[in-house]
Amino acid sequence: MHPRQQIREGIRIRLGDPTNPLDNVENWVYWTPALNRVFSSRSREIIPDDLPLIIINTTEETVDPINVTGFEGGYRRTLTIAVECLAEAVNDVEDSLDALALGVEGGLDGLIFTNLEASRLRLKSTETDVEREGDIPIGAVRLTYECVYSSQHLGADLGLWDRDGACIGNPGIQPPITQIKIRNNFGTETYEV
């Protein structure tokens, strides 16, 4: 699973799972008024019964290499995450959006993803918008977070690629790969294929 997917799913679980699931269902407590209607991606049409809800999207990621050598090392990634909260735009829509935003901020404050190095979320901005035209008037508050984390190079894949350097099922790279060089702290090793 890609780290972006792990981060989206971690946020979904944090905001969408009850904070005390061992109690009776009637006593479950959630971070936001959206309850368990939190999605790490969503593409279907929204109906009034779906609201309020939260959708998590990863919108942008910058990547900087942090090399030990040409082969070892990894990347320092800065991921931009949009946590969009939607509510029906009734008379007190701003209050409803603020309640959703407060729950998101409380739930994500200090959240660290344990399997990703230095992966603490940081709130960057909040935007509010109300769209009163259409079948369902909808208000939205978007909380934009930044998550800086590290990932390793995937390295040379000596098992999934065939001898011509092509992924199985795809045409080969031309000209075919005949030699693999692996560089590390101990020097360079060359392998004929």
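Structural data are supplied above this passage.
Below is a short write-up of the structure. In this text the structure is predicted, and so the values were computed from the model without any measurement. (Residues numbered from 1 in each chain as written. Predicted model: local features only at pLDDT ≥ 70, side-chain atom pairs only at ≥ 80, totals over all residues. Heavy atoms only, no water.)

Next up on the list: the pairing of strand β5 (residues 138–152). The buried fraction of β5 is high, at twelve of 15 residues. Sheet analysis places strand β4 (residues 121–131) next to β5, joined by ten bridges and oriented antiparallel. The residue of β5 that forms the bridge with Glu131 is Ile138. Linking two consecutive strands that pair antiparallel, namely β4 and β5, is a turn of six residues; a positive phi of about 110 degrees is found at Gly134 within it. (Buried < 20%, exposed > 50% of the residue type's maximum accessible area, 1.4 Å probe, protein only. Helix = DSSP H or I, 4+ residues; strand = E, 2+ residues; numbered from the N terminus. Pairing = 2+ DSSP bridges.)

In this section: the pattern of salt bridges. For the coordinates displayed, the defined rule picks out six salt bridges. In this structure, the salt-bridge partner of Glu61 is Arg77, at a minimum N-O distance of 3.1 Å. Of the two residues, Glu61 is situated in strand β2 (residues 53–67) and Arg77 in strand β3 (residues 73–88); the sequence distance between them amounts to 16 residues. Of the residues examined, Arg77 reaches a relative accessible area of 13% and is grouped as buried. Where Arg142 meets Glu84, a salt bridge forms, and the shortest distance between an N and an O atom there is 3.3 Å. Residue Arg142 is located in strand β5, and its partner Glu84 is located in strand β3; the two are separated by 58 residues in the primary sequence. Shared partners join several salt bridges into a network, and the residues in it are Arg4, Glu61 and Arg77. (Salt bridge = Lys/Arg side-chain N within 4 Å of Asp/Glu carboxyl O.)

Quick look at the sheet that holds β4 now. Strands sit in the order β1-β2-β3-β5-β4 across an open sheet of five strands; the sheet is mixed. Because the sheet does not close on itself, it has two edges, and the strands there are β1 (38–39) and β4. Sheet topology places β2 next to β3; 14 bridges connect them, and they run antiparallel. Counted as the bridge partner of Asn67 is Gly73 from β3. Running over the sheet, helix α1 (residues 3–16) touches β1, β2, β3, β4 and β5 and is turned about 145 degrees from β2. (Contact = heavy atoms within 4.5 Å. Axes fitted to C-alpha atoms, helices over the stretch in contact; angles between N-to-C directions.)

If you check helix α2 (residues 93–108), its first and last C-alpha atoms are 22 Å apart, about what 16 residues at 1.5 Å a residue would give, namely 22 Å. Val93, Leu97, Leu100, Ala101, Gly103, Val104, Gly107 and Leu108 are the residues of α2 that are buried. Within α2, the buried residues cover an arc of 160 degrees as seen down the axis, which keeps them to one side. Among the exposed residues of α2, those oriented more than 90 degrees off its buried face are Asp95, Asp98 and Leu102. In the core, the buried residues of α2 are packed alongside α1, β2, β3, β4 and β5. Note on α2: the residue one or two positions beyond its end, Gly110, has a positive phi of about 80 degrees. (Expected span 1.5 Å × (residues − 1). Arc of directions from axis to C-beta.)

A word on the nonpolar core. In terms of nonpolar packing, the biggest core is built from 28 residues, with Ile7, Ile11, Ile54, Ile81, Val104, Leu108 and Leu121 touching the most fellow members. Element by element, the count of residues in this core is highest for α2, at six residues. Residue contacts for Leu108: discarding those within four places in its chain leaves Ile11, Arg14, Leu15, Val83, Leu121 and Tyr145. Formed by eight residues, the second largest nonpolar core is a distinct cluster that contains Leu53, Ile55, Ile138 and Ala140. (Core = buried A, V, L, I, M, F, W, Y, C linked by side-chain atoms within 4.5 Å.)

Moving on, we come to the environment of Tyr30. When you line up the elements, Tyr30 lands in the loop between α1 and β1. Put simply, Tyr30 and Arg14 are 16 residues apart on the chain and 9.2 Å apart in space, counted from C-alpha to C-alpha. Non-local contacts of Tyr30, meaning those with residues more than four positions away in its chain, are made with Leu15, Gly16, Asp17, Pro18, Leu35 and Asn36.

A surface patch of negative charge is lined by Asp92, Glu94, Asp95 and Asp98. Along the chain, the position of Glu94 falls in helix α2. Residue classification places Glu94 among the partly exposed positions, given a relative accessible area of 40%. (Patch = residues over 30% accessible without salt bridge, like charges linked within 9 Å, V, L, I, M, F, W, Y side chains within 5 Å. Areas by Shrake-Rupley, 256 points an atom, 1.4 Å probe, with all protein chains shown as cover. Lys, Arg positive; Asp, Glu negative; His and termini not counted. Charge placed at Lys NZ, Arg CZ, Asp CG, Glu CD.)

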